[in-house]
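# Descriptive structure summary
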Amino acid sequence: MSPIRVSLFLARCLLAPALASAEVSLHSDFTVPENESGIIYDFWNTHNRLPPYENINEPAFGMEVSSVNCVRMLGGWMKKGERMLDYDCYKWDGEKYVYDWEPLLRRIDVVLNSGIRLKQIVLDNPPWAFQRGITFVEEPDGIHYLEADKNSTYGNAVPPNDPTAWPAFIKAAIAKLVETYGEEQVAGWRFRVGSEIDTRPGHWIGTRQQFFDHYRNTVDAVRSVLPRAKVGTQFREASFTGEKYTDYTGQVEGSYARAFIEWAKENDVPYDFIGTSYYPFYDKEDSVDMDIVYREQIEPIQRHPDWRPGALFEIHEFSGLSQFRNGEFVWLSNSYNAALFANISRMVLENDIRQVHLWGNKWDGLVEPNVLTQKALISMQEKARYGNTGSGEPRVEGNMINGIFAADLDEHAYDALIFNYNKLSMDYREDESVEAVFTVSLPPNSKYKYRIATYGKEQCAFQRFAADFPQATKHQADGGWIKDSYDTNGSPYIMFVKEGVDTFKANAHRYTEYNELQWSDWQMAATQELAPATQQKSRVRIRTQLPSFSFQKIEVRPIRTP
């Protein structure tokens, strides 16, 4: 965006609202202790990474405080239909089974040497040698696994062929890690048993009970070597049905999470955390309305009456999606992504969801839009979060307007992250007139300054590129770069034909300014008197224009007088 365009846009945000009353008001009272709702914590800085880890791309920002969740570390990996046996840590040498720790240690070293912290090792796919001796059949017989499931979507999803060899293998793996990196460091890593294990047959072709037994086998093996180890698992959301797959016993099984929680309590099986996945499609109401998402996908797991005290509920896989096309997810790369993540952030903080593990978020020097939301949250980190109320009606039907409010009361520093996302229509419509209201412990007419950073369509690097290259908004049939049958809101790397991808890569450097928040100048103002008047409290009112599918970060700071 040119400097002139920036100036005009900020003028519209800051000056136009003064001429018209706000239709939506978001109010947070920082003077009532009961309104404090915890601390803004960093839930966004763990990133998922897949093998082979020959090198590891750094997260989009904050590399020195970033962590990674390393998936498929033991082997059992498949790429483009080919078994990647070189990455297996358990092998058949023609006469006997042997351990080979080099692939595991090499990949861990890549992470540690990168300067990124290792958060979690996933013990998911069994190495391919654990299939040896298993009989597979073409038609279900209730006894043997199906031939069609021998190679699953993500590699080996077959339960290990020997329930005694598996824990011996896990014990040896943990012992090797302790020997190599020291008990103190390894005890600081977490171990997750399985990935979305109820997504069958992609991650598991056994039954639910087979996995429960496999989990107990694994956690017992890990803790026999490392008693302090933090161990847990990951399932699909509570509403997942599993109806697309019938297993070798003729069963259709949906989400495992609630049954696991009940089984674990009944059998005194430990878990330190349970993760789930959240892949929202930007245009599906039940994916983007956080009341629905929490009520149907998360609450039945997190608030289960048999939940283990002290265990954490987390989201271990997240990416906003444009669509599922030709066997792959197309991730979301426009301002919908940023506004949606702001909405998700509120839901996460309100419900004490401690972590959201993200997939890749930096490509050719440009960050994904949700990174801008994370950057807006950074200055709120460790501040007290306060509840807020809303009043008024949006101009546009379906607009969900809300915010996250925080304060450092000692410094009289106040922050708000407000956002606008529509659950009914994906069209960019007229701006919403919004008023952010802060009740503060300052006398009336106290001087303060404030500034606003806006992130919407005009500030999104991918959408700025599309504005400069019209082919990026058209399908092939119309002379554009978007593959026919793909929608226009996905990642250029997936939805574009080669010419479009090449052009985007060649020009990405022109848009790196949009990796940062675009701030207005500081504006000066004074707090307003309450009714009835009091010298102990006053009110800050900031009116703004909030675009469709956008967020705004508002920072209010006192003006110190000598």
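Residues numbered from 1 in each chain as written. Predicted model: local features only at pLDDT ≥ 70, side-chain atom pairs only at ≥ 80, totals over all residues. Heavy atoms only, no water.

A word on the nonpolar core. Of all hydrophobic cores here, the largest spans 126 residues; its most connected members are Leu177, Phe191, Tyr215, Tyr421 and Phe551. If one sorts the elements of this core by residue count, helix H9 (residues 335-350) sits on top with 10 residues. Dropping the residues within four chain positions of it, Tyr215 is found in contact with Val193, Val231, Gly232, Thr233, Phe260, Trp263, Val269, Pro270 and Tyr271. Of all hydrophobic cores here, the second largest spans 24 residues; its members include Leu26, Ala436, Ile542 and Leu546. (Core = buried A, V, L, I, M, F, W, Y, C linked by side-chain atoms within 4.5 Å. Buried < 20%, exposed > 50% of the residue type's maximum accessible area, 1.4 Å probe, protein only. Helix = DSSP H or I, 4+ residues; strand = E, 2+ residues; numbered from the N terminus. Contact = heavy atoms within 4.5 Å.)

Do not read the fine detail of predicted coordinates wherever pLDDT is low. Confidence in the prediction of the chain, expressed as mean pLDDT, is 93, and 94% of residues score 70 or more. Counted against residues more than four places away or in other chains, residues 1-20, with its pLDDT under 50, gives 32 contacts. (pLDDT = per-residue confidence, 0-100.)

On the basis of which strands lie adjacent, the closed barrel formed by eight strands has the order S3-S4-S9-S12-S13-S14-S15-S18 and parallel pairing. Here the average twist between neighbouring strands, direction ignored, is 30°. As judged from the six bridges shared by strand S14 (residues 273-278) and strand S15 (residues 312-318), these two strands associate in the parallel manner. Note on S15: the bridge partner recorded for Ser277 is Glu317. Each of strand S4 (67-70) and strand S9 (117-123) is contacted by helix H2 (residues 102-113), which is oriented at about 155° to S9, the strand it contacts most. (Pairing = 2+ DSSP bridges. Axes fitted to C-alpha atoms, helices over the stretch in contact; angles between N-to-C directions.)

So, about the packing of H2 against helix H3 (residues 165-181). At a minimum axis distance of 11 Å, the contact between H2 and H3 shows a crossing angle of 45°. By the angle class used here, H2 and H3 are oblique. When the axes of H2 and H3 are compared, the crossing they make is right-handed. Side by side, H2 and H3 meet where Leu104, Leu105, Ile108, Asp109 and Leu112 of the first sit next to Lys176, Leu177, Thr180 and Tyr181 of the second. The residue makeup of the contact of H2 with H3, split by class, is six nonpolar, one polar and two charged. (Parallel < 35°, antiparallel > 145°, perpendicular 65-115°, else oblique. Left-handed = near helix turned anticlockwise from the far one by under 90°. Nonpolar A, V, L, I, M, F, W, Y, C, P; charged D, E, K, R; others polar.)

The next point concerns helix H11 (residues 461-468). For H11, a buried count of six out of eight residues is recorded, marking the element as mostly surrounded by other parts of the structure. Taken together, the buried positions of H11 are occupied by Ala461, Phe462, Gln463, Arg464, Phe465 and Ala466.

Considering only enclosed or pocket space, the second largest pocket measures out at about 330 Å³ in volume. Taken together, the elements giving at least two residues each to the lining of the second largest pocket come down to H11 and helix H12 (492-495). Counting residues per element, the lining of the second largest pocket draws most heavily on H11, at five residues. Residue classes in the lining of the second largest pocket are distributed as 10 nonpolar, seven polar and one charged. (1 Å grid on protein atoms, 1.4 Å probe; cavity = no way out; pocket = protein on both sides within 12 Å on 5 of 7 lines; lining within 4 Å. Points joined across faces, edges and corners; volume = space filled by probe spheres on them.)

Right, let's talk about the side chain of Asp415 for a bit. Turning to its location among the elements, Asp415 is positioned in strand S24 (residues 413-422). A distance of 2.6 Å separates polar atoms of two side chains, one belonging to Asp415 and the other to Lys383. For Asp415, the residues in contact, after removing those within four places along its chain, are Ser379, Met380, Lys383, Ile404, Phe405, Ala406, Phe438, Lys553, Ile554, Glu555 and Arg557. (Polar contact = N/O pair within 3.5 Å; in protein donor to acceptor, adjacent residues only side chain to side chain.)

Checked against the element boundaries, His203 lands in the loop between strand S12 (190-193) and helix H5 (208-225). Reaching out from His203, the side chain makes a polar contact with the backbone oxygen of Ser195 at a distance of 3.3 Å. With residues up to four places along the chain from it excluded, the contact list for His203 reads Arg72, Tyr154, Ala157, Ser195, Glu196 and Ile197.

Turning to the pairing of strand S16 (residues 321-325), a few remarks are in order. Here is the key point about a regular strand: its side chains alternate between the two faces of the sheet. The sheet contact formed by S16 and strand S17 (residues 328-331) spans four bridges and is antiparallel. Its bridge partner being in S17, Arg325 is matched across the sheet by Glu328. Where S16 hands over to S17, the hairpin turn is made up of two residues, of which Asn326 adopts a positive phi near 55°.

For the rest of this paragraph, the subject is a nonpolar patch on the surface. Together, Trp522, Met524 and Ile559 make up a nonpolar patch on the protein surface, roughly 280 Å² of accessible area in all. Locating Ile559 in the fold gives a position in the segment after strand S29 (550-558). On the accessibility criterion, Ile559 (33% relative accessible area) is partly exposed. (Patch = residues over 30% accessible without salt bridge, like charges linked within 9 Å, V, L, I, M, F, W, Y side chains within 5 Å. Areas by Shrake-Rupley, 256 points an atom, 1.4 Å probe, with all protein chains shown as cover. Salt bridge = Lys/Arg side-chain N within 4 Å of Asp/Glu carboxyl O.)

Per the stated rule, a full pass over the model turns up 30 salt bridges. Of the charged contacts, one joins Lys265 and Asp306 as a salt bridge, the two residues approaching to 3.3 Å between their closest N and O atoms. Here Asp306 lies in the loop between helix H8 (290-302) and S15 and Lys265 lies in helix H6 (residues 257-267), a separation of 41 residues in the sequence. By relative accessible area, which is 54% here, Lys265 ends up exposed.

With antiparallel pairing, seven strands are arranged side by side in an open sheet as S2-S21-S23-S24-S29-S26-S27. Every other strand in the sheet has two partners, leaving strand S2 (36-39) and strand S27 (523-526) as the edge strands with one partner each. Across the sheet, the mean angle separating the axes of adjacent strands is 30° when strand polarity is ignored. Bridging between strand S26 (residues 447-455) and S27 involves four bridges; their strand directions are antiparallel. Bridge pairing in S27 links Tyr450 to Gln523. Lying over the sheet, H9 contacts S2, strand S21 (384-386), strand S23 (399-408), S24, S26 and S29, oriented at roughly 120° with respect to S24.

The next thing to look at is the packing of aromatic side chains. If you walk through the whole model with that rule in mind, you get 59 aromatic pairs. Arranged with centres 4.8 Å apart and planes meeting at 65°, the rings of Trp92 and Tyr97 form a pair that is edge-to-face. Pairing Trp166 with Phe169 gives two aromatic rings, centres 5.7 Å apart and planes at 50°, and the pair type is tilted. One end of the pair, Trp166, and the other, Phe169, are both in helix H3, three residues apart, so they sit about a helical turn from each other. When sorted by exposure, Trp166 lands in the same class as Phe169, which is buried. An aromatic cluster of three or more residues is present, and its members are Trp204, Phe211, Phe212, Tyr215, Phe235, Tyr256, Phe260, Trp263, Tyr271, Trp307 and Phe313. Sitting over the ring of Tyr41, Arg354 keeps its end group 3.8 Å from the ring centre. (Phe/Tyr/Trp six-rings, centres within 6.5 Å; stacked < 30°, edge-to-face > 60°. Lys NZ or Arg CZ within 6 Å of the ring centre and 35° of its normal.)

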